[in-house]
Amino acid sequence: MPGLKAPSDYSQEPPRHPCLRINAKEPFNAEPPRSALISSYVTPVGLFYKRNHGPIPIVDDLGRYRVSITGLVQKPKELSMEDIWKLPKYTITATLQCAGNRRTAMSKIRTVRGVGWDVAAIGNAIWSGARLADVLELVGIPKLSGTTRGGGKHVEFVSVDKCKEENGGPYKASIPLIQATNPEADVLLAYEMNGEPLNRDHGYPLRVVVPGVIGARSVKWLDSINVIAEECQGFFMQKDYKMFPPSVNWENINWSTRRPQMDFPVQCAICSLEDRDVLKEGKITVKGYAISGDGRGIERVDISIDGGRTWVEASRYQRAGVPYIANDMQSDKWAWVFFQASVEVLKSAEIIVKAVSSEFFYGSHRYSCVMRISWQIHHII
């Protein structure tokens, strides 16, 4: 693409924060220490997890950069950054999460493939840009459209990023048209993160942000937007990020029997303790995050120190000094919720944290600890 190119090697990678835990060097995939996640409600850009599939694209001439909007539309267009900047600017606070977050813990139960993430392939940021619904109106698609006159039902995002899973082709993903054209879904073509232009790792100059949905659908380094009849046929839509029963393995898997994962489930993670922490008996403060997809709030977070026999309710908060109420207008619907509780830990304890969404779905994070309280993730639901 004129103005934005994908390098053929890793010689021009951007600098990164030194505290990041590197899970893969080329392509660069890294996450912060889990304790860093709860140090700030809005995750600093340098500590936001990095998920990449190839060398980081480079802008060599922003004035020549264009995003094409094509497919089953009435009026195909090419938009420059100037065109996008002229559209109404919207700002949302939204948590993005890699679909593989916590994969290392999953592999302790049953081996799974992919980057070995701990619990920190997640971050919360303030995103600003144009609403996708406004952009699609420029090509003749009204808001709240489920289909176009030409039969388009999905919106595909294609990146400049090249990846081996696509045999050297571009990374791509899609969302339903009804979601893309719904202003309340807050899907953005974002050009700012935490009040500053996107940096290279996070999609400069333009990326998609689909709040409440796994990060694999929030395509970075946007090249084109295609309105299509069927969902995207890319690797990460069709042969990854799908949910199967325990009877399925890599030998008998049939990818076509399951739909791509979109909304992420309710979940929570302890961030104030590491797996190998050794603590003395007594009072400790357990802190972490809870999150649910599709804008569902967190109704409750409970903590048990005896393997689930008894529970205490943790306090929940987002911004300091602002009471958190699930699904309240004053709360950030697309963002994580922090929790904390003081508990008395004895010589033998099993700590479980359980989050309940506003739809009363459950997610948990469990630790086993004995005597001097050496921590070990035991199970994830």
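Just above sits the structure.
This report concerns the structure included in the present document. (Residues numbered from 1 in each chain as written. Predicted model: local features only at pLDDT ≥ 70, side-chain atom pairs only at ≥ 80, totals over all residues. Heavy atoms only, no water.)

## Side note on the packing of aromatic side chains
Stated precisely, the cut-off is as follows: Side-chain rings of Phe, Tyr and Trp (the six-membered ring for Trp) are treated as a pair once their centres are within 6.5 Å; stacked means planes under 30 degrees apart, edge-to-face means over 60, and tilted covers the remaining angles. Numbering of helices and strands starts at the N terminus; helices are DSSP runs of H or I of at least 4 residues and strands are runs of E of at least 2. The buried label applies to any residue whose accessible area, calculated with a 1.4 Å probe on protein chains only, is under 20% of its type's maximum; exposed applies above 50%, and partly exposed to all values in between. By definition here, charges over rings are those cases where NZ of Lys or CZ of Arg is within 6 Å of the ring centre and within 35 degrees of the ring normal.
Tallying each qualifying case throughout the model produces 12 aromatic pairs. Ring plane angle 85 degrees and centroid distance 5.9 Å describe the contact between F48 and W127, whose orientation is recorded as edge-to-face. Here W127 lies in strand β8 (residues 122-131) and F48 lies in the loop between α1 (34-37) and β4 (58-59), a separation of 79 residues in the sequence. Each ring, one from F235 and one from F236, has its centre 5.1 Å from the other, and the planes form 75 degrees; the classification is edge-to-face. By relative accessible area, which is 1% here, F236 ends up buried. Taken together, Y41, Y289, Y317, W336 and F338 form an aromatic cluster joined through their ring pairs. The aromatic ring of F28 is capped on one face by R16, whose charged end is 4.0 Å from the ring centroid. The ring of Y90 has R131 sitting right over it, with the charged end atom 3.8 Å from the ring centre.

## Focus: the sheet that holds strand β15 (residues 267-270)
The criterion, for reference: Two strands qualify as a pair provided that DSSP identifies no fewer than 2 bridges between them. All axes are obtained by fitting lines to C-alpha atoms, using only the stretch in contact for helices, and the reported angles, taken between N-to-C directions, cover 0 to 180 degrees.
The 4 strands are arranged β15-β16-β20-β19 in an open sheet whose pairing can be described as antiparallel. Whereas interior strands pair on both sides, the edge strands pair on one side only; in this sheet they are β15 and β19 (315-317). Across the sheet, the mean angle separating the axes of adjacent strands is 25 degrees when strand polarity is ignored. Bridge count for strand β16 (residues 282-291) against strand β20 (residues 337-345) is 9 bridges, and the pairing is antiparallel. The partner of T285 across the bridge, within β20, is S342.

## Overview of empty space enclosed by the protein
For clarity, the cut-off: Each cavity reported here is a set of points on a 1 Å grid over the protein atoms alone in which a 1.4 Å probe fits but cannot get out, each pocket an open set with protein on both sides within 12 Å along at least five of seven lines, and each lining residue one with an atom within 4 Å of a point. Grid points are joined across faces, edges and corners, and a volume is the space filled by probe spheres set on the points. In this classification, the charged set is Asp, Glu, Lys and Arg, the nonpolar set is Ala, Val, Leu, Ile, Met, Phe, Trp, Tyr, Cys and Pro, and all remaining amino acids, among them Gly, are polar.
For the coordinates displayed, the defined rule picks out 3 cavities of 30 Å³ or more. In this model, the largest cavity occupies a volume close to 270 Å³. Around the largest cavity, the lining is made up of 19 residues, and of these R51, R207, G215, S218 and K220 lie nearest the centre. Looking at the lining of the largest cavity residue by residue, the class counts come to 10 nonpolar, 5 polar and 4 charged. Considering only residue class, the lining of the second largest cavity consists of 3 nonpolar, 3 polar and 2 charged.

## Structural notes on the sheet that holds strand β14 (residues 222-228)
Pairing within the open sheet is mixed, and its 5 strands lie in the order β6-β5-β14-β9-β10. Where the open sheet ends on each side, the last strands, each with one partner, are β6 (77-80) and β10 (170-176). This sheet shows a mean twist of 20 degrees between the axes of neighbouring strands, independent of strand direction. Note that strand β5 (residues 66-71) and β6 share 4 bridges and pair antiparallel. Its bridge partner being in β6, R66 is matched across the sheet by S80.

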